[in-house]
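Working through the structure, step by step
Residue-level listing of the chains:
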Amino acid sequence: MNRRKLLTSILAWGGLLTGGNTKAFAKMAGMNMANSKLPGMDMSGTAANSHKRLRKLPIGIPFSHLARLENTSREKATFEAVIEAGNGTHEFVPGLATRILAYNRIASGAMIEVAEGDHVKITFKNRIPEQPSTIHWHGLEIPADQEGGPMNPVASGADHTYEFTIPEGSAGSYWYHPHPHGLTSEQVYRGLAAPFLVRSKNDPLSRELGDTTLFITTVSLNSDGTIAENTDADRMNGREGDHVLVNGNKQPVLTLPPGASRRFRLYNATNGRFLRLSLEGHTMTLVGTDGGLIAAPVKGLNELILAPAERAEIIVDFKAKVGRFNLTSKAYERGWMGDNKPAAKALSLMTFVLAGLAVEPIALPEKLRDIVTLGEPTSRKRLEFSENMGMANGRMTMDFLIDGKSFKMNRVDLQARVGEIELWEIYNSSDMDHPLHIHGTQFQIVEREKKGKKTPAPFLAWKDTVNITSKETVRIKLQYSTPGLRMYHCHILEHEDNGMIGTLDIV
Ligand code: C2O
Ligand code: CU
Ligand code: CU
């Protein structure tokens, strides 16, 4: 029996097992009994999911842009702000108030916009009751002591100022979110995460394309309007969320003139949902990834997969006639474990309505920017993602590991040297996809290898997150420009909280 089948049957029969024969079953199945940090599977069947969920949210509201975080600095090339994280309320359903967490009480994310070279000074006020937090600046190449990782928690009630300079040439679609160990998943699904845009001083893309951020998140609500806590399935697979939101709304509608060409920044800011995006009746042109523009546009894409934390910049040339077209996310096989596998159906995320007088499409430049291929590596690392099932007190547990280990705050797992070009080979021996994210640098994917078949990266791009499917090996190249303690982890936030993190000391 393979592990997933085994797990499914254990979950299915769990209610019948007593402590004694659970152990025997586990032993028979060759499972490790120790090592159980997950809150554990509820073997009593229905108790964990007993809350009634709110299955309907209003749809079809006009698309709205995210609110911007105001720059309070008067100086040139400086961005200053105060960001307070704390309780807020939001009506996902009119008349039904939901208690959420928010930055500056702005539901669905206060977008930060800066330019390359800007000096950023942000005072973080943690007003989340009884929980430490941090602000992590996901993807930005900034000093290790400013990146807001779990090593530098800000206590509830305390303030902390982050200060860094945005590197030249780093224009791209980054984001920010909490990173306190063990609490990241909860703080994000309660509402804390927002885009962090770095603008280029000489963007090769026409301003007429606009620049529209589609920040994709999810929400799961109980019927009383409260945010649903993670279930066992969420903790094991990553929270997929009941409702997928674009800039805070379900299936919003964006009206454009027929024939329009538009630029979109797509964010997978969900805890644990894979997005397999396509746009009805249209192809997409990829122009950027996590770390900014790619070298040249990649035209004619029918679909685009974004694992949790990945971003993409695309251009769409809309049809020159009126009509309605949905941006959808198709079912994606990500290696579900246990029961309650979501139905394999396509979801509509938003609708584009083409109406009014037709306009002319906008031509794209052939070249977007120069990306230098990282040269011959002088240092190599091999990492392995694995899973470990266990039983504790008659409850099923699941650990996700890197190199057989769970995160330890003060343990250094890997070392690297400033300026050295490294080749990392990451093998995923588990049954589930895991998106690897590395702090403090952007990397280049070299190739993927699965079932003996090697596929080189189809184009050169800067990435900070890469999905590694079950039994796949991915090779990447990277180079750190500053010393300090960094980390790499799975960006399914429930896996990260469970310890699927390693630390890297750059000297
Ligand atoms: Cu987006 Cu270590 O995180
Ligand atoms: Cu990060
Ligand atoms: Cu994972």
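1. Points about empty space enclosed by the protein
- In this structure the tally under the stated criterion is 3 cavities of 30 Å³ or more.
- When residues of the lining of the largest cavity are traced back to their parent elements, those giving at least two are strand 2 (78-93), strand 3 (96-103), helix 3 (184-189) and strand 10 (212-219).
- If one sorts the elements of the lining of the largest cavity by residue count, strand 10 sits on top with 4 residues.
- A per-class count over the lining of the largest cavity returns 13 nonpolar, 9 polar and 1 charged.

2. Some words on the nonpolar core
- Counting 35 residues, the largest nonpolar core has Phe 264 and Phe 352 as its most contacted members.
- The contacts of Phe 352, once residues within four sequence positions are left out, are Leu 254, Leu 256, Phe 264, Leu 279, Phe 318, Gly 323, Arg 324, Phe 325 and Leu 327.
- Core analysis: the second largest hydrophobic core is formed by 33 residues, Leu 383, Ile 402, Ala 416 and Ile 426 among them.

3. Quick word on the environment of Ile 216
- Checked against the element boundaries, Ile 216 lands in strand 10.
- With 30 residues separating them along the chain, Ile 216 and Val 246 place their C-alpha atoms 4.7 Å apart.
- Sequence-distant contacts of Ile 216, defined by excluding residues within four places in its chain, comprise Val 244, Leu 245, Val 246, Tyr 267, Asn 268, Ala 269, Thr 270, Leu 275 and Leu 349.

4. Examining the coordination of the copper ion (ligand 3)
- The coordination sphere of the copper ion (ligand 3) contains the protein donors His 434 (ND1), Cys 490 (SG) and His 495 (ND1), at a distance range of 2.0 to 2.2 Å.
- Sequence spacing of the donor residues for the copper ion (ligand 3), all on one chain, is H-x55-C-x4-H. Within this pair, whereas His 434 is found in strand 26 (residues 434-438), its partner His 495 is found in helix 5 (residues 493-497), the two being separated by 61 residues in sequence.
- Residue His 495 is classed as buried on the basis of its relative accessible area, which comes to 0%.

5. Remarks on the layout of surface pockets
- The calculated volume of the largest pocket comes to roughly 1200 Å³.
- Lining the largest pocket are 40 residues, with Glu 240, Gly 241, Asp 242, Arg 273 and Pro 342 positioned closest to its centre.
- If you list the elements that add at least two residues to the lining of the largest pocket, you get helix 4 (232-237), strand 11 (243-246) and strand 21 (347-354).
- Ranked by residue count, the leading element in the lining of the largest pocket is strand 21, at 3 residues.
- Among the residues forming the lining of the largest pocket, the class breakdown is 13 nonpolar, 13 polar and 14 charged.
- Ile 305, Glu 310, Ile 445, Arg 448 and Pro 458 are the residues nearest the centre of the second largest pocket, which is lined by 28 residues in total.
- Counted by class, the lining of the second largest pocket contains 16 nonpolar, 4 polar and 8 charged residues.

Scoring rules and cut-offs
- Residues numbered from 1 in each chain as written.
- Chains lettered and ligands numbered in written order.
- Predicted model: local features only at pLDDT ≥ 70, side-chain atom pairs only at ≥ 80, totals over all residues.
- Heavy atoms only, no water.
- 1 Å grid on protein atoms, 1.4 Å probe; cavity = no way out; pocket = protein on both sides within 12 Å on 5 of 7 lines; lining within 4 Å.
- Points joined across faces, edges and corners; volume = space filled by probe spheres on them.
- Helix = DSSP H or I, 4+ residues; strand = E, 2+ residues; numbered from the N terminus.
- Nonpolar A, V, L, I, M, F, W, Y, C, P; charged D, E, K, R; others polar.
- Core = buried A, V, L, I, M, F, W, Y, C linked by side-chain atoms within 4.5 Å.
- Buried < 20%, exposed > 50% of the residue type's maximum accessible area, 1.4 Å probe, protein only.
- Contact = heavy atoms within 4.5 Å.
- Donors = N, O, S within 2.8 Å, 3.2 Å for Na, K, Ca; no water.

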